[in-house]
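Residue-level listing of the chains:
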Amino acid sequence: MARTIQVTFDAADPAALMRFWSAALGYETDPPPSGFDSWDAALDAFGVPPEQRNDRSACHDPDGVGPRLFFQRVPEGKTAKNRVHLDVRAAPGLRGAERMAALQAEADRLVGLGAVVVERFEPEPPLGHGSIVLRDPEGNELCLD
């Protein structure tokens, strides 16, 4: 039986990183628990002190196709290259200059949200279609593919 997955990010600022990835992927913030109009109301009712309210955050694909993303505060910063990263499919089906223009437009949008471009790989036919490597606002690598 296939399982669904959740992708978890360690973060210094879970809410900010969740906002970046929500904007990057078109995801939505997880709604507050049933019976609460807002997360603040729920956290007040649960007795969560203000200094712990950014310990976790989550978002999801509104179409229910992609995995849920969960962000958790950790005390240490990122220290090495990710062994696993997300490929954001920003130009499916496109080739050549049209593909690279679409990838560059998406890279520019993500830079505006706080990402940093690391490297651009030009198309190398027959198998290399081109991609752009970035880092999110906390340094996690991602590829625009």
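Scroll up a little and you will see the structure.
This one's a predicted model, so the numbers in the text were calculated from it and none came from an experiment.

Calculation criteria
- Residues numbered from 1 in each chain as written.
- Predicted model: local features only at pLDDT ≥ 70, side-chain atom pairs only at ≥ 80, totals over all residues.
- Heavy atoms only, no water.
- Pairing = 2+ DSSP bridges.
- Helix = DSSP H or I, 4+ residues; strand = E, 2+ residues; numbered from the N terminus.
- Axes fitted to C-alpha atoms, helices over the stretch in contact; angles between N-to-C directions.
- Contact = heavy atoms within 4.5 Å.
- Buried < 20%, exposed > 50% of the residue type's maximum accessible area, 1.4 Å probe, protein only.
- Expected span 1.5 Å × (residues − 1).
- Arc of directions from axis to C-beta.
- Parallel < 35°, antiparallel > 145°, perpendicular 65-115°, else oblique.
- Left-handed = near helix turned anticlockwise from the far one by under 90°.

J.: When you look at the sheet that holds strand β5 (residues 86–88) in this model, what are you seeing that I'm missing?
T.: Across a sheet, strands are paired by hydrogen bonds formed along the backbone, either parallel or antiparallel in direction. Taking strand neighbours across the sheet as the criterion, the four strands line up as β5-β8-β7-β6 in an open arrangement whose pairing is mixed. If you trace the sheet from one side to the other, it starts and ends with β5 and β6 (116–121), each paired once. Averaged over all neighbouring strand pairs, the angle between strand axes comes to 25°, with direction disregarded. The pairing of β5 with strand β8 (residues 141–144) spans three bridges and is parallel. Looking across to β8, one finds that Leu86 is bridged to Leu142. Running over the sheet, helix α3 (residues 96–112) touches β6, β7 (131–135) and β8 and is turned about 10° from β7.

J.: Where do I start with the environment of Leu17 in this structure?
T.: Inspection of the secondary structure assignment puts Leu17 in helix α1 (residues 14–25). Residue Leu17 is classed as buried on the basis of its relative accessible area of 2%. Along the chain, Leu17 and Leu103 lie 86 residues apart, while their C-alpha atoms are 21 Å from each other.

J.: What should I look at first to understand α3 in this one?
T.: Residues spaced three or four apart along an α-helix point in a common direction, a consequence of the helix completing one turn every 3.6 residues. Taking 1.5 Å of rise per residue, 17 residues should cover 24 Å, and α3 covers 25 Å from first to last C-alpha, within 8% of that figure. Every buried residue belonging to α3 is among Arg99, Met100, Leu103, Glu106, Ala107 and Leu110, and all of these are buried. Looking straight down α3, one finds its buried side chains confined to an arc of 125°; they lie on one side. With respect to the buried face of α3, the exposed residues turned more than 90 degrees away are Ala97, Glu98 and Gly112. Looking at the buried residues of α3, the elements they touch are α1, β6, β7 and β8.

J.: What's the story with the packing of α1 against α3 in this structure? I'm lost.
T.: To describe two helices that pack against each other, one gives the angle between their axes and the distance between the axes. Put simply, α1 and α3 touch, their axes get as near as 10 Å, and they point 155° apart. Taken as axis vectors, α1 and α3 run roughly antiparallel relative to one another. The interaxial crossing formed by α1 with α3 has right-handed handedness. On α3, the residues touching Phe20, Ala23 and Ala24 of α1 are Glu106, Arg109 and Leu110.

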